[in-house]
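# Observations on the model geometry
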Amino acid sequence: MSDTFQWLYSPIVKEHFTNPKNVFDPDEGFEGDAEGVVGNIKCGDQMMFMLKIKDDLITDVRWKTYGCASAIASTSMLSEVIKGMPIRQAYSIKPSDIASRLGGLPENKIHCSVLGDKALRAAIDGYLDERGRSGEFKGEDAVVVCNCLNITDKDIEQAVKDGARNWEQLQAATKIGTVCGSCKPRAEELLHEYAHIFGN
Amino acid sequence: MDNRFVYMDYNATTPLRDEVKARMIEDFDIFANASSMHEAGRRARDRVEKARAQVAALIGAADPRSILFTSGGSESNNTVFNTMYDLGRGPGGRRKIVTTAIEHPCVMNAARRLSDEGFPVVFLGVDGRGRIDLNELESELDPARSTGGPALLVSVMAANNEIGTVQDMKAVSALAKAAGAYFHTDAVQAAGKMAVDVSSWGVDYLTLSCHKIYGPKGVGALYVRKGVPAEPLIRGGHQELGIRAGTYNNQGILGFGLAAELAARDLDSFAERLRSLRERLKEGISASVPDIRINGHPTEVLPNTLNVSFPGAEGEAILLSLDLEGIEVSTGSACASGSLEPSHVLMATGVGPEMAHGSIRFSMGRGSREEDVDYVVEKLAPIIKRLRRMSTIAPAVAAQACRD
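From a predicted model like this one, the values you see are computed outputs, not experimental measurements.

## A few points about the overall build of chain A
The helix and strand inventory of chain A stands at nine helices and five strands. For chain A, the succession of helices and strands along the chain, N to C, is α-β-β-β-α-α-α-α-α-β-β-α-α-α. Over its C-alpha trace chain A gives a radius of gyration of 18 Å, about what one expects of a compact globule, namely 16 Å for 200 residues. Each principal axis of the C-alpha atoms in chain A carries an extent, and together these give about 55 × 45 × 25 Å. Taken over 200 residues, chain A has a buried fraction of 40%. Restricting to contacts in chain A with at least 6 residues of sequence separation, those with at least 24 account for 60%.

Here is the structure:
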């Protein structure tokens, strides 16, 4: 409606939605050193990141997104943030970092539409794999969920990527929650979140 | 940026008609309780009863006493399902409920509640155009060919809010009657846009909402055919034959009455004009945007509703891009639904999640003009092109996937 009426999201989201930065253009001839895609079309979001990397530094980036306004804006913002950043540092960027740079996003939008960090990690993982450096950054950004068995969010993410879709399958894969069990609510939240992102 | 404002979300709600607004404002001094016996109360009551006759006339109900005023469509629908709960909760009686997979959430959730209470509930599927299969309905109503015993209620919406598909009311009614079941229809979207006739349709219960026909919000009605049971959802005083307690919403009901009378008066010319606008919009979009899918039925459809999928572009992004151009529409995308699920209506038509996420509903109304349609078409094409260009999904691939 009128410009005086507040938009649905922050002015920064609006700017990145209407004028996204570093969008991949097939006519431009951009050639990346690494590429990562994540997302689930069933849920309505998918992202692709292409990186140019020199001496472990991200020198340039392009992306594509199928998704809502906040998905487009968050990917655009992330692409600006990581330019010139060491891949090790880029690897640990979290959705909440992007959301706060965007001037905030509704809670339900953070896990749903901020997939850029996962696409970015997928691209970096691929880059490391090709150079015989698989898993070099794994665990650096991990947060412990199950204190009894020292199981992290990354372990849950990996279990979901390997096919776990419910609590029993997650336990079978990680032994999570088999001691005191107090981590179950948080672990189930993460399970749901990763199943949304990586499930098909 | 243009400062144009093009409202194309009339199925969500409609603006108050000038005549209705003026009449309501004039009437606001009539404050008396319409249940009071004194003169002021009788004066207020007289307006309520006149409105009842006006609403009855809109749906071809011979007896105005068959109209019960409620707070809106959700309450009317819930009253019917609550009545079914009371009828079927005891031992031995009919309990089976047959409805569709594309009903409004208030019917879906009222039916699910009966299912939770142990009632056999069937949600009939629809074809790719959004129509139920009458043979399937017939078989669900035949205890020899289906489970759940004889049916208590058949509830099928007259016209769908999202895709506009109109069901064959007479055929559904005939099957329900033959099976000895009550027949309810949610006619919230049909009223004022197509002929609604309780006698030729043979309905026992029919739901109406006032704010969809250019009247005020917070008022609705339930038609209950004479002799058919109805239990109160809201208990209290003796208003509305004891079926719906609560002090009369004098001005809301008065506005509903006038809105209904005007809707009935204008129906033919309104529907014809809207049908031509819909065609113009459909042709305009088809000519300027490649790889689209027009959802819903090609002919059995509301004259004002056009639902289009733009594979490769996501619905919320399209909606907000149009919003920035002053165009107001709605989408079946999960991003707009508050859940992770896209439109249950489009999913029921089998188009697949890509088409549902990329769907936009254009619903036009009294204020819509040809130049509005042209403006929408002009703004839409570059928006879709831009979103598809930055998308990971190619539209042709998505369209192909949905045909398979």
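## Considerations on the overall build of chain B
When helices and strands are counted, chain B shows 13 helices and 13 strands. Relative to the 2.2 N^0.38 estimate, which gives 22 Å for 404 residues, the radius of gyration of chain B is 22 Å and therefore close to what a compact globule would have. Projected onto its principal axes, the C-alpha coordinates of chain B cover approximately 65 × 60 × 35 Å. Burial statistics for chain B: of 404 residues in total, 53% are counted as buried. For chain B, restricting intrachain contacts to residue pairs at least 6 apart in sequence, the fraction spanning at least 24 positions comes to 73%.

## Some remarks on the domain arrangement of chain A
Where interface size is quoted, it is often the accessible area lost as the parts come together. Residues and elements named next belong to chain A. What the domain assignment lists for chain A is domain 1 (11-130) and domain 2 (144-198). On a C-alpha basis, the centroid separation for the pair domain 1 and domain 2 is 25 Å. Contact residues are listed per partner, giving seven residues for domain 1 and four residues for domain 2. Ranked by residue count, the leading element in the side of domain 1 that touches domain 2 is strand E1 (residues 34-40), at three residues. Its residues assigned to classes, the side of domain 1 that touches domain 2 shows three nonpolar, three polar and one charged.

## Structural notes on the pairing of strand E4 (residues 121-124) of chain B
All names here are of chain B. Pairing between strand E3 (residues 96-100) and E4: four bridges, direction parallel. Across the sheet, residue Thr99 finds its bridge partner in E4, namely Phe123. Regarding the hand of the β-α-β motif, the stretch spanning E3, helix H4 (residues 105-116) and E4 is right-handed.

## What to know about the interface of chain A and chain B
Listed as interface residues are 21 residues of chain A and, on the opposing side, 19 residues of chain B. Taken together, the elements giving at least two residues each to the side of chain A that touches chain B come down to strand E2 (45-54), strand E3 (57-66) and helix H2 (69-82) of chain A. Counted by class, the side of chain A that touches chain B contains 13 nonpolar, six polar and two charged residues.

## Digging into the sheet that holds E3(A)
Residue and element names in this part refer to chain A. The three strands are arranged E1-E2-E3 in an open sheet whose pairing can be described as antiparallel. Strands at the two margins of the open sheet, each flanked by one partner only, are E1 and E3. Neighbouring strand axes in the sheet, compared pairwise and without regard to direction, differ in orientation by 15 degrees on average. Both E2 and E3 contribute to a ladder of nine bridges, which runs antiparallel. Of the residues in E3, the one forming a bridge with Lys52 is Asp60. Contacts from H2 reach E2 and E3 within the one sheet, and its direction differs from that of E3 by about 175 degrees. On top of the sheet, helix H6 (residues 116-130) reaches E1 and E2; it is set at about 140 degrees to E1, its chief contact.

## Overview of the sheet that holds strand E12 (residues 330-331) of chain B
In a beta sheet, neighbouring strands are held together by backbone hydrogen bonds and run either parallel or antiparallel to one another. Residue and element names in this part refer to chain B. A sheet is described by the order of its strands in space; here four strands give the open sequence E9-E10-E13-E12, paired in antiparallel fashion. Every interior strand has two partners, whereas the edge strands, strand E9 (293-295) and E12, have only one. Across the sheet, helix H8 (residues 250-288) lies against E9, strand E10 (305-309) and strand E13 (359-363), angled at about 15 degrees from E10, the strand it touches most.

## Observations regarding the packing of helix H2 (residues 39-58) of chain B against H8(B)
Residue and element names in this part refer to chain B. Where H2 meets H8, the closest approach of the two axes is 8 Å, and the angle between their N-to-C directions is 30 degrees. Here H2 is positioned roughly parallel relative to H8, judged by the angle of their axes. Crossing hand, H2 versus H8: left-handed. Contacts between H2 and H8 pair Ala44, Arg47, Val48, Lys50, Ala51, Gln54, Val55, Ala57 and Leu58 from the former with Asn250, Ile253, Leu254, Phe256, Gly257, Leu258, Ala260, Glu261, Ala263 and Ala264 from the latter.

## Structural notes on the domain arrangement of chain B
All names here are of chain B. Domain annotation for chain B reports domain 1 (6-14 + 267-403) and domain 2 (18-263). Contact residues are listed per partner, giving 25 residues for domain 1 and 27 residues for domain 2. Elements represented by at least two residues in the side of domain 1 that touches domain 2 include exactly H8, E10 and helix H10 (344-348). Looking at the side of domain 1 that touches domain 2, the element that brings in the most residues is H10, giving four residues. Here the residues of the side of domain 1 that touches domain 2 sort into eight nonpolar, 14 polar and three charged.

## Here's the deal with the environment of B:Gly358
Residue and element names in this part refer to chain B. Residue placement: Gly358 occurs in the loop between helix H11 (353-357) and E13. In this structure Gly358 comes out as buried when scored by C-beta crowding, with 35 C-beta atoms within 10 Å. It is 17 Å that separates the C-alpha atoms of Gly358 and Ile327, two residues lying 31 residues apart in sequence. Every residue in contact with Gly358, bar those within four places of it in the chain, is listed here: Ser309, Phe310, Pro311, Gly312, Ala313, Glu314 and Gly315.

## Quick notes on the environment of B:Asn160
All names here are of chain B. If you trace the backbone, Asn160 turns up in the loop between strand E5 (151-155) and helix H6 (169-178). Separated by 41 residues in the primary sequence, Asn160 and Phe119 have C-alpha atoms spaced 25 Å apart. Leave out the neighbours within four places in its chain, and Asn160 touches Ile102, Gly130, Thr165, Gln189 and Val345.

## Examining the confidence of the model for chain B
Low-pLDDT stretches of the model should not have their predicted coordinates read in fine detail. Looking at chain B as a whole, the pLDDT averages 95, with 96% of positions reaching at least 70. The complex prediction reports pTM at 0.90, with the ipTM value standing at 0.87.

## Let's talk about unusual backbone geometry
You will see that A:Asp56, though not glycine, has its phi angle at about 60 degrees, which is positive. With respect to the helices and strands, the residue A:Asp56 is situated in the loop between E2 and E3. Even without being glycine, B:Leu241 reaches a positive phi, approximately 60 degrees. As for its placement among the helices and strands, B:Leu241 is situated in the loop between strand E8 (220-224) and H8.

## So, the nonpolar core
Ranked by size, the top nonpolar core spans 89 residues in total, and within it B:Ala181, B:Ala191, B:Tyr223 and B:Ala259 carry the most contacts. Excluding residues that lie within four positions of it along the chain, B:Ala191 makes contacts with B:Leu58, B:Ile59, B:Val196, B:Leu208, B:Lys212, B:Ile213 and B:Ala263. The next biggest cluster of nonpolar side chains, apart from the first, holds 87 residues, and it includes A:Met48, A:Met50, A:Tyr91 and B:Leu319.

## A short note on the packing of H2(A) against H6(A)
Residue and element names in this part refer to chain A. Running from N to C, H2 and H6 cross one another at 50 degrees; their axes reach a closest spacing of 9 Å. With respect to their mutual orientation, H2 and H6 come out oblique. Of the residues in H6, those in contact with Ser74, Thr75, Leu78 and Ile82 of H2 are Gly116, Asp117 and Leu120. In terms of residue class, the contact of H2 with H6 is made up of three nonpolar, three polar and one charged.

Definitions and limits used
Residues numbered from 1 in each chain as written. Chains lettered and ligands numbered in written order. Predicted model: local features only at pLDDT ≥ 70, side-chain atom pairs only at ≥ 80, totals over all residues. Helix = DSSP H or I, 4+ residues; strand = E, 2+ residues; numbered from the N terminus. Rg over C-alpha atoms; globule rule 2.2 N^0.38 Å. Buried ≥ 20, exposed ≤ 12 C-beta atoms within 10 Å, placed from the backbone. Contact = placed C-beta atoms within 7 Å. Domains from an automatic or database assignment. Nonpolar A, V, L, I, M, F, W, Y, C, P; charged D, E, K, R; others polar. Pairing = 2+ DSSP bridges. Right-handed = clockwise from strand over helix to strand, strands pointing away. Axes fitted to C-alpha atoms, helices over the stretch in contact; angles between N-to-C directions. Parallel < 35°, antiparallel > 145°, perpendicular 65-115°, else oblique. Left-handed = near helix turned anticlockwise from the far one by under 90°. pLDDT = per-residue confidence, 0-100. Core = buried A, V, L, I, M, F, W, Y, C linked by C-beta atoms within 7 Å.

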